[in-house]
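# Examination of the molecular architecture
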2 protein chains.
Amino acid sequence: MQSKTNHYNYNLDVLKFMKTNNPTQQAVVTTADKVFEKIQHAIVEGEIPSGSKISEPGLAKHYQISRSTLREALNRLEKCHLIERKANVGSRVVQCSIEGLLELYITREALEGMACRQAANNMSDEEISNMQAMLKIHAQTQELKDGTGYYQEEGNLDFHYKVILGSHNKQLIELICGQLYHLVRMYRCQFGMYSPRASRAFDEHSSIIQAIADRDGELAEMLMRRHIAASRKNIENKIAKEITQKEQTNIQLIKS
Amino acid sequence: MQSKTNHYNYNLDVLKFMKTNNPTQQAVVTTADKVFEKIQHAIVEGEIPSGSKISEPGLAKHYQISRSTLREALNRLEKCHLIERKANVGSRVVQCSIEGLLELYITREALEGMACRQAANNMSDEEISNMQAMLKIHAQTQELKDGTGYYQEEGNLDFHYKVILGSHNKQLIELICGQLYHLVRMYRCQFGMYSPRASRAFDEHSSIIQAIADRDGELAEMLMRRHIAASRKNIENKIAKEITQKEQTNIQLIKS
DNA sequence: TTAAGTGTTATTGTCGACAATTTAAGATAG
DNA sequence: CTATCTTAAATTGTCGACAATAACACTTAA
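Residues numbered from 1 in each chain as written. Chains lettered and ligands numbered in written order. Predicted model: local features only at pLDDT ≥ 70, side-chain atom pairs only at ≥ 80, totals over all residues. Heavy atoms only, no water.

It is worth spelling out the pattern of salt bridges at this point. Taken as a whole, this structure holds 30 salt bridges over all chains when the rule is applied. A salt bridge links E56(A) to R67(A), with the nearest nitrogen and oxygen atoms 3.0 Å apart. Of this pair, E56(A) sits in helix α3 (residues 56-62) while R67(A) sits in helix α4 (residues 67-79), and the two are 11 residues apart along the sequence. We note a salt bridge from E72(B) to R76(B), for which the minimum N-O separation is 3.0 Å. Of the two residues, E72(B) and R76(B) are both situated in helix α4 (residues 67-79); the distance of 4 residues between them amounts to about one turn of the helix. Exposure remark for E72(B): the relative accessible area of 9% places this residue in the buried category. A residue is classified by how much of its surface remains accessible, and R76(B), at 13% relative accessible area, is buried. Residues joined by salt bridges that share partners form a network here, namely D33(A), E72(A), R76(A), K79(A), E56(B), R67(B), R71(B), E78(B) and R85(B). (Salt bridge = Lys/Arg side-chain N within 4 Å of Asp/Glu carboxyl O. Helix = DSSP H or I, 4+ residues; strand = E, 2+ residues; numbered from the N terminus. Buried < 20%, exposed > 50% of the residue type's maximum accessible area, 1.4 Å probe, protein only.)

Right, here's the structure in full:
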């Protein structure tokens with residue numbers, strides 16, 4: 001559950017993308033906003049450990065701000081489900097868990113599936129051709145860096161964002177981009193997950209865009225749901241494998 | 001778009017239900033919590049008009065609290081999408097619109113559909129029989145008050161809540177019950193919508209519970225989605241009818 | 001008359017201090 | 001030695017005041 005910062009500096013690009021392209025993202029002007037982003041980054045990257053208690057006086061001193069300003073930032077962190085607050089007790093960084101990760105995938109499957117259906121209905125022809133162009137770039141880059149799964153991950157987020165924004169549904173956009181995806185990025189960092197399904201994911205993206213271009217909302221939703229479900233099952237298998245490996249190690253340790 | 005308080009006092013019951021049965025709902029202890037609930041009620045009922053600007057000094061004086069406490073309450077209102085804030089400008093009550101209502105239904109269809117699927121997988125036998133018992137009570141009460149659509153609406157919320165909680169998915173529960181449903185109740189009040197589909201909705205509820213009892217997640221999701229989509233289309237028709245009526249009235253006014 | 005610029009007013013963001021509550025430590029009884 | 005109660009420390013919630021920003025009214029120039 002260690003953070004792997006060097007593998008995830010693309011987050012900055014994605015964040016910038018969110019800020020410039022996401023209509024629901026408000027500009028960062030106030031100091032509370034800046035501190036919010038700093039803490040958010042620290043939580044996502046695991047610098048502030050998952051599950052740890054947050055000390056208001058401590059953090060306020062660390063960032064050289066008053067407690068009021070910090071509390072404003074904490075409120076926004078709570079809004080995107082990165083921390084949890086209890087009255088008269090305090091805040092804790094959300095506890096990452098396998099169950100939580102799977103629940104997140106379930107929720108994404110529902111929301112992004114519907115977003116994809118709406119995208120098929122509501123995206124403009126221009127938006128669609130933009131996305132097709134993006135996919136071509138991904139294809140080329142993939143040829144260069146095939147197997148690493150690194151850039152593909154960036155492309156993955158990029159792709160999902162474009163689809164979600166293409167739904168033209170403010171409610172969906174806000175829920176997924178404004179709230180859920182902070183948690184997604186946190187899990188990606190904490191569990192060190194870069195997709196080992198790069199080429200398959202690329203094919204799935206192609207099919208989804210095709211369905212959108214055909215204005216086939218029903219198919220588009222189904223494909224997106226399968227795409228996310230496949231990713232979830234991939235994780236489940238990986239975790240199951242890790243567990244059995246650990247068990248075998250334990251058995252060996254007992255034997256020796 | 002007037003509020004119809006007398007028709008909606010059942011909201012208190014539902015709120016109580018949320019507090020006692022919803023694991024994500026935290027107890028109200030702090031004064032900010034109390035003020036939050038008061039303002040929330042005022043917004044939902046339309047006492048504070050949809051789209052109106054919120055004056056921090058004004059509201060603070062009105063509720064006899066400091067601005068800090070009020071801002072704490074405003075943050076929670078923002079979390080459940082009842083107000084929108086802009087930096088250095090202020091807060092506005094969310095603007096109710098037909099597009100917003102339809103977007104909300106789309107989102108509910110996605111989330112509650114998936115929650116229903118998960119409920120079929122995860123509900124305990126006891127929970128299921130509880131829900132079946134609840135439905136029987138609804139059937140009896142419906143016989144008594146058939147046609148009013150009033151109590152049925154309470155039952156409707158009750159039913160949906162039970163299904164959502166039955167998903168045992170914290171992420172889904174928090175998103176739907178903790179955030180979305182405040183907006184749902186607001187729209188219900190502001191647009192004065194008590195379901196005119198009482199008996200049909202009851203049948204749909206029955207089928208859904210049956211699918212859950214059969215542990216048929218796929219069918220359960222499909223039925224729930226159709227249930228919500230039917231409600232949405234019902235609204236769409238109603239609105240379309242109202243618009244044509246208005247147009248005809250306008251034509252008559254022009255003629256006279 | 002309209003447009004841009006300027007000064008005033010009001011609102012929001014931030015701060016430090018105090019009050020209320022919880023947590024921790026220590027003392028006392030069993 | 002454990003458990004409970006009491007007291008002390010720390011943390012959170014709330015308050016009022018000040019600073020920074022935006023909205024408004026007014027003046028001036030084109």
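Let us look at the protein's contact with DNA strand D. Neighbouring DNA strand D are 20 residues; R67(A), R71(A), T30(B), T31(B) and T69(B) lie closest to it. Close to the protein, within 4 Å, the atoms of DNA strand D belong to sugar or phosphate groups at a rate of 69%. T31(B) is positioned such that a nitrogen or oxygen atom in its side chain is 2.3 Å from a phosphate oxygen of DNA strand D. Between DNA strand D and N88(B) there is a distance of 3.5 Å, counted from a sugar or linking oxygen to a side-chain nitrogen or oxygen. Those elements that place two or more of their residues in the surface near DNA strand D are β1 (53-54), α3 and α4 of chain A together with α2 (31-45) and α4 of chain B. Broken down by class, the residue content of the surface near DNA strand D amounts to 7 nonpolar, 8 polar and 5 charged. (Near = heavy atom within 4 Å. Polar contact = N/O pair within 3.5 Å; in protein donor to acceptor, adjacent residues only side chain to side chain. Nonpolar A, V, L, I, M, F, W, Y, C, P; charged D, E, K, R; others polar.)

We now examine the domain arrangement of chain A. All names here are of chain A. Looking at chain A, the domain boundaries give domain 1 (31-93) and domain 2 (97-243). Distance between the C-alpha centres of domain 1 and domain 2: 29 Å. Residue-level contacts link 11 residues of domain 1 with 8 residues of domain 2. In terms of surface lost to domain 2, no three residues of domain 1 exceed V44, C80 and H81, which account for 50% of the buried area on that side. Viewed at the interface, domain 2 and domain 1 are joined by 0 salt bridges. Summed over the shared surface of domain 1 and domain 2, the result is 3 residue pairs in polar contact (both at pLDDT 80 or more). (Domains from an automatic or database assignment. Contact = heavy atoms within 4.5 Å. Buried area = accessible area lost by both parts, 1.4 Å probe.)

Before going further, it helps to examine the state of the cysteines. Residue and element names in this part refer to chain A. Going through the model one piece at a time under the given rule, you end up with 0 disulfides over all chains. Sulfur of C116: no disulfide; nearest cysteine sulfur belongs to C177 and is 13 Å away. A residue is classified by how much of its surface remains accessible, and C116, at 0% relative accessible area, is buried. Unpaired in this structure, C189 has its nearest cysteine sulfur neighbour in C96, at a distance of 9.8 Å. Taking the relative accessible area as the measure of exposure, C189 reaches 1% and is therefore buried. (Disulfide = S-S within 2.5 Å.)

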